[in-house]
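Letter by letter, the chains look like this.
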Amino acid sequence: MWIISIPCWGDYYRKKFLCAALPSINAAIRFSGVSAKFIVHTDRHDCFSGIDFAGKVHFVQFHSTSYELYNSFGNCDRQSIEMADEGDNIAFLPCDVVISKEFFSACEKRFAEG
């Protein structure tokens, strides 16, 4: 199982995620045939209603003050690690990244090589 950790808050970054990042991640999951669980750290999970995710999806409510913003990505990563099961692979992806369709299959190949 792949855990895909996505910090995604604010209108600008939600749009980037939905228009660019998510379609590329979905394509890579479907191309490789892996199972996946998205952990989306967001301030507005209602904005994702009806959106196609190529796997299970779990929303974590994002709360931060400007003082804590510096630590926010690390906090999201730590929460995703805590939610993963032993043996899961974790991809820490920013919400504005576009990955190749070979991303997960290339990772799986490298893991198999040791």
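Summarised in this report is the structure supplied together with it. Computed from a prediction, not measured in an experiment: that's the story for all the values here.

Each value, and the rule that gives it
- Residues numbered from 1 in each chain as written.
- Predicted model: local features only at pLDDT ≥ 70, side-chain atom pairs only at ≥ 80, totals over all residues.
- Heavy atoms only, no water.
- Pairing = 2+ DSSP bridges.
- Helix = DSSP H or I, 4+ residues; strand = E, 2+ residues; numbered from the N terminus.
- Axes fitted to C-alpha atoms, helices over the stretch in contact; angles between N-to-C directions.
- Contact = heavy atoms within 4.5 Å.
- Buried < 20%, exposed > 50% of the residue type's maximum accessible area, 1.4 Å probe, protein only.
- Right-handed = clockwise from strand over helix to strand, strands pointing away.
- Polar contact = N/O pair within 3.5 Å; in protein donor to acceptor, adjacent residues only side chain to side chain.
- Expected span 1.5 Å × (residues − 1).
- Arc of directions from axis to C-beta.
- Phe/Tyr/Trp six-rings, centres within 6.5 Å; stacked < 30°, edge-to-face > 60°.
- Core = buried A, V, L, I, M, F, W, Y, C linked by side-chain atoms within 4.5 Å.

**Side note on the sheet that holds strand E2 (residues 36-42)**
Alright, step 1. Pairing in this open sheet of four strands is parallel, and the strands run E3-E2-E1-E4 from one edge to the other. The open sheet has two free edges, formed respectively by strand E3 (56-61) and strand E4 (89-92), since each of these has just one partner strand. Strand-to-strand twist of the sheet, defined as the mean angle between neighbouring strand axes without regard to direction, takes the value 20°.
Alright, step 2. Against the sheet, helix H1 (residues 11-32) touches strand E1 (2-7) and E2, its axis set at about 170° to E2.

**Concerning the pairing of E2**
Along any regular strand the residues' side chains alternate between the sheet's two faces.
Alright, step 1. Of all seven residues that make up E2, six are buried, and the element is covered over most of its length.
Alright, step 2. As defined by bridge partners, E1 adjoins E2 across six bridges and the pair is classed as parallel. Each residue of the ladder has a partner; that of isoleucine 6, found in E2, is valine 40.
Alright, step 3. In the classification by handedness, the crossover that spans E1, the intervening H1 and the parallel E2 is right-handed.
Alright, step 4. Pairing analysis gives six bridges linking E2 to E3, with the strands arranged parallel. Opposite isoleucine 39, over in E3, you have histidine 58 as the bridge partner.

**Considerations on the side chain of serine 5**
Alright, step 1. When you line up the elements, serine 5 lands in strand E1.
Alright, step 2. A polar atom in the side chain of serine 5 sits 2.8 Å from the side chain of serine 80.
Alright, step 3. In this structure serine 5 touches Ile39, His41, Cys76, Asp77, Ser80, Ala91, Phe92 and Leu93, once residues within four positions along its chain are discounted.

**Brief notes about helix H2 (residues 72-83)**
Alright, step 1. A rise of 1.5 Å per residue sets the reference length of H2, with its 12 residues, at 16 Å; its end C-alpha atoms lie 17 Å apart and thus fit the reference within 8%.
Alright, step 2. Buried within H2 are the following residues: Ser72, Cys76 and Ser80. End-on view of H2: buried residues confined to an arc of 75°, all on one side of the axis.

**Observations regarding the packing of aromatic side chains**
Alright, step 1. Applying the stated criterion to the full structure yields 12 aromatic pairs.
Alright, step 2. When the centroid spacing of 4.9 Å and the interplanar angle of 85° are considered together, the rings of phenylalanine 103 and phenylalanine 104 count as edge-to-face.
Alright, step 3. With relative accessibility at 25%, the residue phenylalanine 103 sits in the partly exposed group.
Alright, step 4. What makes phenylalanine 104 buried here is its relative accessible area of 0%.
Alright, step 5. Here the aromatic cluster, defined as three or more aromatic residues joined through ring pairs, consists of Phe17, Phe38, Phe48, Phe53 and Phe59.

**What about the nonpolar core?**
Alright, step 1. Counting residues in each nonpolar core, the largest one holds 22 residues, and the members touching the most others are Ile4, Ile6, Phe17, Ile25, Ile29, Phe38 and Phe104.
Alright, step 2. No other element matches H1, which puts six residues into this core.
Alright, step 3. Not counting residues up to four positions away in its chain, the partners in contact with phenylalanine 104 are Trp2, Ile4, Ile25, Ala28, Ile29, Ser32, Val34, Ala91 and Ile99.

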